[in-house]
Amino acid sequence: MHCPFCGADNTQVTDTRENEDGDIVRRRRRCVSCDKRFTTYERIDLKMPQVVKKNGSRADFNRDKLLGSLKLALRKRPVTAENVDAAVDRIEAKLLSMGEREIPSERIGELVMRELKKLDKVAYIRFASVYRAFEDVDEFSEVIREVSTRPRGRPPKISQ
């Protein structure tokens, strides 16, 4: 680390502390040459990939937009906020693990559908109907059959 006062590259760390969240490290340093002290901060710098939209335009990844899409599909469904946040975290982790600088919006849509399928079948169908832009009832019926968990030959349970 170069000294901001004299430019020397020989500094010593005198104190190291993490903030309450543990995501920032504060270091007090002392320049060996001029004996002045200064503070540096270390933060994790994760770069999310750019989203390439269907029309070819690019946009920064937006966690809030992703969260909003999930919440819209899950509106009035019995899924906790913690489960929704965990799903968004898994999607972000998957995007980071891909190591790509750009990712098609279709790929993000597929990841969202995978998470919704695990969280709530109705929300999955809601999202799929908009995302896949169903043209007719047959496409809609196909997705419903895809998520149907009722074993064949067994009548559906009737709630009273």
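Look up a bit, the structure's there.
Residues numbered from 1 in each chain as written. Predicted model: local features only at pLDDT ≥ 70, side-chain atom pairs only at ≥ 80, totals over all residues. Heavy atoms only, no water.

If you look at the biggest cluster of nonpolar residues, it comprises 25 residues, and the most contacted ones within it are Ile108, Val112 and Leu116. Of all elements in the fold, only helix H1 (63-73), helix H2 (81-98), helix H3 (105-119), helix H4 (121-131) and helix H5 (137-147) reach the threshold of two or more residues within this core. For Val112, the contacting residues outside a window of four places in its chain are Leu66, Leu70, Ile91 and Phe127. (Core = buried A, V, L, I, M, F, W, Y, C linked by side-chain atoms within 4.5 Å. Buried < 20%, exposed > 50% of the residue type's maximum accessible area, 1.4 Å probe, protein only. Helix = DSSP H or I, 4+ residues; strand = E, 2+ residues; numbered from the N terminus. Contact = heavy atoms within 4.5 Å.)

Right, let's get into unusual backbone geometry. With a phi close to 65°, Asp35 is a non-glycine residue in the positive phi region. On the secondary structure map, Asp35 appears in the loop between strand E2 (24-31) and strand E3 (37-43). The exposure class of Asp35 is partly exposed, given its relative accessible area of 48%. Of note in this structure, Lys76 is not a glycine but carries a positive phi near 60°. Mapped onto the fold, Lys76 is located in the loop between H1 and H2. Under the relative-accessibility criterion, Lys76 is labelled exposed at 74%.

So, on to H1. Buried residues of H1: Leu66, Leu67, Leu70 and Ala73, and no others. With its buried residues spanning 125° around the axis, H1 presents them on a single face. H1 presents Asp64, Lys65 and Leu72 as exposed residues on the side facing more than 90 degrees away from its buried surface. Between a side-chain oxygen at the N-terminus of H1 and the backbone nitrogen of Asp64 the separation is 2.9 Å; the capping residue is Asn62. (Arc of directions from axis to C-beta. Polar contact = N/O pair within 3.5 Å; in protein donor to acceptor, adjacent residues only side chain to side chain.)

Before going further, it helps to examine the sheet that holds E3. Strand order in this open sheet of 3 strands is E1-E2-E3, and the pairing throughout is antiparallel. Either end of the sheet is taken by a strand with one partner, and the two such strands are strand E1 (11-18) and E3. Along the sheet, successive strands turn relative to each other by an average axial angle of 25°, direction set aside. The pairing of E2 with E3 spans 7 bridges and is antiparallel. Residue pairing across strands places Arg29 opposite Phe38, the latter belonging to E3. (Pairing = 2+ DSSP bridges. Axes fitted to C-alpha atoms, helices over the stretch in contact; angles between N-to-C directions.)

Before going further, it helps to spend a moment on the packing of H1 against H3. Contact pair H1 / H3: the axes reach a minimum separation of 11 Å and the direction vectors enclose 40°. Between H1 and H3, the angle is such that the two are oblique. H1 and H3 meet at a crossing whose hand is right-handed. Residues Leu66, Leu70 and Ala73 of H1 pack against Ile108, Val112 and Leu116 of H3. Grouping the amino acids of the contact of H1 with H3 by side-chain chemistry returns 6 nonpolar, no polar and no charged. (Parallel < 35°, antiparallel > 145°, perpendicular 65-115°, else oblique. Left-handed = near helix turned anticlockwise from the far one by under 90°. Nonpolar A, V, L, I, M, F, W, Y, C, P; charged D, E, K, R; others polar.)

To continue, consider H3. A rise of 1.5 Å per residue sets the reference length of H3, with its 15 residues, at 21 Å; its end C-alpha atoms lie 21 Å apart and thus fit the reference within 8%. Looking at H3, one finds that the buried residues are Ile108, Gly109, Leu111, Val112, Met113, Glu115 and Leu116. (Expected span 1.5 Å × (residues − 1).)

Moving on to the environment of Ala81. With respect to the element layout, Ala81 can be found in helix H2. Relative accessible area serves as the criterion here: at 49%, Ala81 is assigned to the partly exposed category. For the pair Ala81 and Lys71, spaced 10 residues apart in the sequence, the C-alpha separation amounts to 8.8 Å.

Now for the packing of H1 against H2. Direction vectors running N to C along H1 and H2 enclose 130°, while the axes themselves pass 10 Å from each other. Considering the angle they form, H1 stands oblique to H2. In the packing of H1 onto H2, the handedness of the crossing is right-handed. Side by side, H1 and H2 meet where Arg63, Leu66, Leu67, Leu70 and Lys71 of the first sit next to Val84, Asp85, Val88, Asp89, Ile91 and Glu92 of the second. Each residue belonging to the contact of H1 with H2 can be placed in one class, and the counts come to 6 nonpolar, no polar and 5 charged.

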